[in-house]
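Structure assessment
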Amino acid sequence: MSKSKSKDNVILFISDLHAPYNHKDAIAFLAKIKEVYKPTKVINVGDEVDYHAMSFHASDPDLDSASVELIKARATIQQLERLYPVMELVNSNHGSMVYRKAKVNGMPRHVLKGYNEILGVGEGWTWTDDIFLKKENIFVCHGRKKNSEAYAKQMGCNVVQGHFHEDFRIGYTNAPMKTVWGMNVGCLIDDDSRAYAYNKVNPNAPMIGTGIVINGVPRLIPMNLDKKGNWDGEC
């Protein structure tokens, strides 16, 4: 793939890093994408942090405590911030775990820290429920409907989603009076981590990669892995 030109409008969509249980080459892969594609906007589609130890489901006692896990996650997140200091992030089921747990335990939101302080990132990172990019006619959400092109038809605009780890595709469909597309951008997890033991019963392996839109055209960027699960260094 040729490098992007400086005049291109390039939007990078990162999703489901699940730090600290991310693929060990995820940050290097995203750095390579920055070098090759030169994104003009970066959107994180959610689940930037896993919060396995705080989950509503049973956590693995052989994994880190909530405190240690967050310390490790912050280190990864801060590497990502150094790479992309300005980023819009979509609220997500894992990313919002702190607030969800606080709510069910009767803690009012105004006594809690904000996302930026929790993760130790600057004000260049901002969180919102969903994002609509008017110029590109793209609706961005964490994950509403696995069939992204069906959701695009329903919404009447292009759609970008994460959440569905094993789904990595672009589908086109006809909405009233226009053709639209839906893109599911996969994930950047380490599938060998004990945090994803629940996925072993899933016959479909997670798709490791991310998505990008260049001048309105969607593309998928897979992280090509060898038999040992190591990234090949290309994108």
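Description of the structure in this document. Only a predicted model underlies this, so the values are computations on that prediction, with no experimental measurement involved.

**Examining the overall build of the protein chain**
- Within the protein chain, the regular secondary structure consists of 5 helices and 11 strands.
- Its C-alpha atoms give the protein chain a radius of gyration of 17 Å, near enough to 18 Å, the size a compact globule of 235 residues would have.
- Summarising its shape, the C-alpha atoms of the protein chain cover approximately 50 × 40 × 35 Å along the three principal directions.

**Focus: the sheet that holds strand β11 (residues 217-222)**
- Spatially, the 6 strands line up as an open sheet ordered β4-β3-β2-β1-β10-β11, and their pairing is mixed. Strands at the two margins of the open sheet, each flanked by one partner only, are β4 (125-128) and β11. In this sheet, adjacent strand axes meet at a mean angle of 25° when their direction is disregarded.
- Packing of helix α2 (residues 66-83) onto the sheet brings it into contact with β1 (10-14), β2 (41-44), β3 (87-90) and β4, and relative to β4 it is tilted by some 110°.

**A short note on the packing of aromatic side chains**
- On inspection of all chains with the given rule, the structure shows 5 aromatic pairs.
- On the numbers, 4.9 Å between centres and 90° between planes, the contact of Tyr99 with Tyr115 is edge-to-face. Of this pair, Tyr99 sits in helix α3 (residues 97-104) while Tyr115 sits in helix α4 (residues 115-119), and the two are 16 residues apart along the sequence. In terms of burial, Tyr99 and Tyr115 fall into one category: buried.
- Ring geometry for Tyr115 against Trp127: centres 4.6 Å apart, planes inclined by 15°, an arrangement best described as stacked. Linking Tyr115 in helix α4 with Trp127 in strand β4, this pair joins segments that are 12 residues apart in sequence.

**A look at the pairing of β2**
- In this structure, β1 lies alongside β2, joined through 4 bridges in parallel fashion. Note that in β2 the partner of Ile14 across the bridge is Asn44.
- After leaving β1, the chain enters helix α1 (residues 26-37) and then returns to the sheet as β2, a path that is right-handed.
- Here β2 pairs with β3 via 2 bridges, running parallel. Opposite Asn44, over in β3, you have Leu89 as the bridge partner.

**A few points about the nonpolar core**
- Counting residues in each nonpolar core, the largest one holds 44 residues, and the members touching the most others are Ile14, Leu30, Leu80, Tyr84 and Leu188.
- For this core, the secondary-structure elements that each account for two or more residues are β1, α1, α2, β3, α3, α4, β4 and β10 (209-214).
- Take this core: its biggest share by element is 7 residues, from α1.
- Val90, Ile131, Ile138 and Val213 belong to the second-largest nonpolar core, a separate cluster that totals 14 residues.

**A closer look at the pattern of salt bridges**
- Scanning all chains against the criterion turns up 10 salt bridges.
- Among the ionic pairs, Lys32 bridges to Glu35, the shortest N-O distance being 3.9 Å. Of this pair, Lys32 and Glu35 both sit in helix α1, 3 residues apart, roughly one helical turn.
- For the salt bridge of Glu166 with Lys146, the shortest nitrogen-to-oxygen distance reads 2.5 Å. Placement of the pair is Glu166 in the loop between β7 (158-161) and β8 (168-175) and Lys146 in the loop between β6 (138-140) and α5 (148-155), with a sequence separation of 20 residues.
- By relative accessible area, which is 22% here, Glu166 ends up partly exposed.

**Quick look at the sheet that holds β7**
- Reading across the sheet, the 5 strands line up as β5-β6-β7-β9-β8 and stay open at both edges, with mixed pairing between neighbours. Edge positions in the open sheet fall to β5 (131-133) and β8, since each of these has one partner strand only. The average undirected angle you get between the axes of adjacent strands in this sheet is 15°.
- Pairing of β7 with strand β9 (residues 178-185), which is carried by 3 bridges, proceeds in the parallel orientation. By the bridge assignment for β9, Val159 is matched with Gly182.

Cut-off values and rules
Residues numbered from 1 in each chain as written. Predicted model: local features only at pLDDT ≥ 70, side-chain atom pairs only at ≥ 80, totals over all residues. Heavy atoms only, no water. Helix = DSSP H or I, 4+ residues; strand = E, 2+ residues; numbered from the N terminus. Rg over C-alpha atoms; globule rule 2.2 N^0.38 Å. Pairing = 2+ DSSP bridges. Axes fitted to C-alpha atoms, helices over the stretch in contact; angles between N-to-C directions. Contact = heavy atoms within 4.5 Å. Phe/Tyr/Trp six-rings, centres within 6.5 Å; stacked < 30°, edge-to-face > 60°. Buried < 20%, exposed > 50% of the residue type's maximum accessible area, 1.4 Å probe, protein only. Right-handed = clockwise from strand over helix to strand, strands pointing away. Core = buried A, V, L, I, M, F, W, Y, C linked by side-chain atoms within 4.5 Å. Salt bridge = Lys/Arg side-chain N within 4 Å of Asp/Glu carboxyl O.

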